[in-house]
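# Working through the structure, step by step
If you want the building blocks of each chain, they are given just below.
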Amino acid sequence: MNKTTVIVGAGSRVGRMLAQAWAGRGDMRWVSRAGPRRWALADGPSGLAPHLEGAGCVLCLAGVTAGSQAALAGNREIALAVLRATDIAAAAPHIFLASSMAVYGRAEGLSVEDGPTAPAGPYGQAKLEMEQASHALAAQAGLGLTQLRLGNVVGADVLGQNLAARRPITLDQFPDGRTPVRSYVDAERLALVLDRLIERAVSGQSLPPVLNLAAAPALEMGALLAAMGQTYQTRAAPEGALAVSEMSVKRLSALVPGAAAPVSAQQAARAWKAFRP
């Protein structure tokens, strides 16, 4: 099987981080709205299909993170366009779609892939709808598909965007004194894990339909900012604020031994400095 991996959404923040980690790789084909290989949702599946010819794997990082409900629905449309383009190209790659731990939202406890989802906002709901629609189409078309529920990618999340824009940061502080706790993954770890998953895909090994991708344990945002040497302010967490969102990485660890090895705030901060988009 062809080992070429097509990355759709190469211009995204995560895409630019991975491009640094995978610099010089001849088995990667990068597709973005403004690069040498161009594609945007308006071009439709037929516009993307030529870029997918001969691919052994497709990694879709393209998506919409903010805006109106109509704008966020673009996540579903992008995913479906990738699946339809694969069919047009008469290719049979395994497809990885970048989803988010936001689909778990207010689900209680350690979130597992086959457990409950309870999005806390429009973005999480849009990603869940993307998952549901793309799974249905993949089953109908006989395509291999894995939804990657990514933890916050260090430097590409809201904290990273605020730091890049030099905006002051205010974190919610909860009654126990902690700031929000989230599952995180840094760009270096993300690239290594994706490499192993892509290897499994192109060699024809089985992959689950949904996979949490993060390091363990979850990190407190305040501790991460402190490790980065960044200052922040706190405010009393408003009613309904989400204190903890942590994913189980048991399934990931079984597929890629060591993939979810512990990462401290200090290690994540060092990776942030090395892989700024």
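The structure we're discussing is the one just above.
This write-up is about the structure you can find in this document. As the structure is a prediction and not an experimental result, all values here were calculated from the model. (Residues numbered from 1 in each chain as written. Predicted model: local features only at pLDDT ≥ 70, side-chain atom pairs only at ≥ 80, totals over all residues. Heavy atoms only, no water.)

## Digging into the packing of helix H2 (residues 44-52) against helix H4 (residues 74-88)
Axis separation between H2 and H4 bottoms out at 8 Å; the angle between their running directions is 60°. One element, H2, and the other, H4, form an angle in the oblique class. As for the relative orientation of H2 and H4, their crossing is right-handed in sense. Residues Pro 45, Ser 46, Leu 48, Ala 49 and Leu 52 of H2 pack against Ala 81, Val 82, Arg 84, Ala 85, Thr 86 and Ile 88 of H4. For the contact of H2 with H4, the class distribution of residues is eight nonpolar, two polar and one charged. (Axes fitted to C-alpha atoms, helices over the stretch in contact; angles between N-to-C directions. Helix = DSSP H or I, 4+ residues; strand = E, 2+ residues; numbered from the N terminus. Parallel < 35°, antiparallel > 145°, perpendicular 65-115°, else oblique. Left-handed = near helix turned anticlockwise from the far one by under 90°. Contact = heavy atoms within 4.5 Å. Nonpolar A, V, L, I, M, F, W, Y, C, P; charged D, E, K, R; others polar.)

## What to know about the side chain of Ser 248
Assignment of secondary structure puts Ser 248 in the loop between strand S13 (244-245) and helix H9 (250-255). With relative accessibility at 10%, the residue Ser 248 sits in the buried group. Contacts of Ser 248, omitting those with residues within four sequence positions, involve Leu 110, Ser 111, Val 112, Glu 113 and Asn 212. (Buried < 20%, exposed > 50% of the residue type's maximum accessible area, 1.4 Å probe, protein only.)

## Concerning the sheet that holds strand S4 (residues 94-100)
With respect to topology, six strands assemble into an open sheet ordered S2-S1-S3-S4-S5-S10, the strand pairing being parallel. Of all strands in the sheet, those bounded by a partner on one side alone are strand S2 (28-31) and strand S10 (210-213). Shown here is a sheet whose adjacent strand axes are inclined to one another by a mean of 20°, direction ignored. Sheet topology note: the strand S3 (residues 57-60)/S4 ladder contains four bridges and is parallel. If you follow Cys 57 over to S4, its bridge partner there is His 94. Strands strand S1 (5-8), S2 and S3 of the sheet are contacted by H2, whose axis makes an angle of about 160° with S2. (Pairing = 2+ DSSP bridges.)

## With respect to the pattern of salt bridges
Applying the stated criterion to the full structure yields eight salt bridges. With its nearest N and O atoms 2.9 Å apart, the salt bridge here joins Arg 25 to Asp 27. We classify Asp 27 as partly exposed; its relative accessible area is 26%. Where Asp 172 meets Arg 235, a salt bridge forms, and the shortest distance between an N and an O atom there is 2.6 Å. Separated by 63 residues along the polypeptide, Asp 172 in strand S7 (residues 170-173) and Arg 235 in strand S12 (residues 233-236) bring together distant segments of the chain. Classification of Arg 235 by relative accessible area gives partly exposed; the value is 47%. By sharing partners, the salt bridges in this structure join Arg 25, Asp 27 and Asp 195 into a single network. (Salt bridge = Lys/Arg side-chain N within 4 Å of Asp/Glu carboxyl O.)

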